[in-house]
Amino acid sequence: MADTGADQLDDTIVSEPLDLVRLSLNERVFVKLKGDREIRGRLHAYDSHCNLVLSDVEETVYIMDDEEVDLKTIKKQSEMLFVRGDAVVLISPPTQSSG
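Residues numbered from 1 in each chain as written. Predicted model: local features only at pLDDT ≥ 70, side-chain atom pairs only at ≥ 80, totals over all residues. Heavy atoms only, no water.

1. Observations regarding the overall build of the chain
For step 1, the next point in the chain: Of the regular secondary structure elements, the chain holds one helix and five strands.
For step 2, the next point in the chain: Secondary structure of the chain in N-to-C order comes out as α-β-β-β-β-β.
For step 3, the next point in the chain: Every one of the 99 residues in the chain was classed for burial, and the buried ones make up 22%.
For step 4, the next point in the chain: Within the chain, contacts between residues at least 6 apart in sequence are counted, and of these 43% link residues at least 24 apart.
For step 5, the next point in the chain: If you sum the accessible surface of the chain, you get close to 7400 Å²; carbon and sulfur atoms cover 51% of it. (Helix = DSSP H or I, 4+ residues; strand = E, 2+ residues; numbered from the N terminus. Buried < 20%, exposed > 50% of the residue type's maximum accessible area, 1.4 Å probe, protein only. Contact = heavy atoms within 4.5 Å. Areas by Shrake-Rupley, 256 points an atom, 1.4 Å probe, with all protein chains shown as cover.)

Right under this line is the structure:
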């Protein structure tokens, strides 16, 4: 019997929220975390709790000084990073270039 493709799972369909994360595997993503932190890196793994494993990570921490009005930023580089899911606020897939 020939396979018409109707029984195959389309790898590009987004029917549940974590499908969008699945489509971002091995791509660079932007992740916003609690505590005024942001990370960008290549997504290697995730689970249903939004625990993430990323590589080539750039972490940005924003610090607001109580005495000063200035917003300070600290940038850190990590080769590999595990992010606990309860700290994740947002996961943004890679942007697609037009054209």
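There is more to say, and it comes next.
2. Focus: unusual backbone geometry
Glycine aside, residues mostly have negative phi, and peptide bonds are mostly found in the trans state.
For step 1, the next point in the chain: The phi angle at Asn 26 is positive, at roughly 65°, despite the residue not being glycine.
For step 2, the next point in the chain: Tracing the sequence through the fold places Asn 26 in the loop between helix H1 (17-22) and strand S1 (28-33).

3. Points about the sheet that holds strand S2 (residues 37-46)
For step 1, the next point in the chain: Strand order in this open sheet of five strands is S4-S3-S2-S1-S5, and the pairing throughout is antiparallel. Looking at strand neighbours, the two that pair on one side only are strand S4 (71-83) and strand S5 (88-92), the edges of this open sheet. Ignoring which end each strand starts from, the neighbouring axes of this sheet average 25° apart. (Pairing = 2+ DSSP bridges. Axes fitted to C-alpha atoms, helices over the stretch in contact; angles between N-to-C directions.)

4. Points about the pattern of salt bridges
It is possible for side chains bearing opposite charge to pair when their charged atoms get close.
For step 1, the next point in the chain: By the definition in use, this model includes four salt bridges.
For step 2, the next point in the chain: Arg 37 is the salt-bridge partner of Glu 59, the closest N and O atoms lying 2.6 Å from each other. You can see Glu 59 sitting in strand S3 (residues 52-64) and its partner Arg 37 sitting in strand S2, a full 22 residues away along the chain.
For step 3, the next point in the chain: In this structure Arg 37 comes out as partly exposed when scored by relative accessible area, which is 30%.
For step 4, the next point in the chain: The closest approach of N and O atoms between Asp 86 and Arg 84, which form a salt bridge, is 3.4 Å.
For step 5, the next point in the chain: On the accessibility criterion, Arg 84 (55% relative accessible area) is exposed. (Salt bridge = Lys/Arg side-chain N within 4 Å of Asp/Glu carboxyl O.)

5. What to know about a nonpolar patch on the surface
For step 1, the next point in the chain: A surface patch of nonpolar side chains, about 230 Å² in accessible area, is lined by Val 14, Leu 20 and Leu 23.
For step 2, the next point in the chain: On the secondary structure map, Val 14 appears in the segment before H1.
For step 3, the next point in the chain: Residue Val 14 is classed as partly exposed on the basis of its relative accessible area of 46%. (Patch = residues over 30% accessible without salt bridge, like charges linked within 9 Å, V, L, I, M, F, W, Y side chains within 5 Å.)

6. A word on the pairing of S3
For step 1, the next point in the chain: One ladder, built from eight bridges, connects S2 with S3; its direction is antiparallel. Bridge pairing in S3 places Ile 39 opposite Glu 59.

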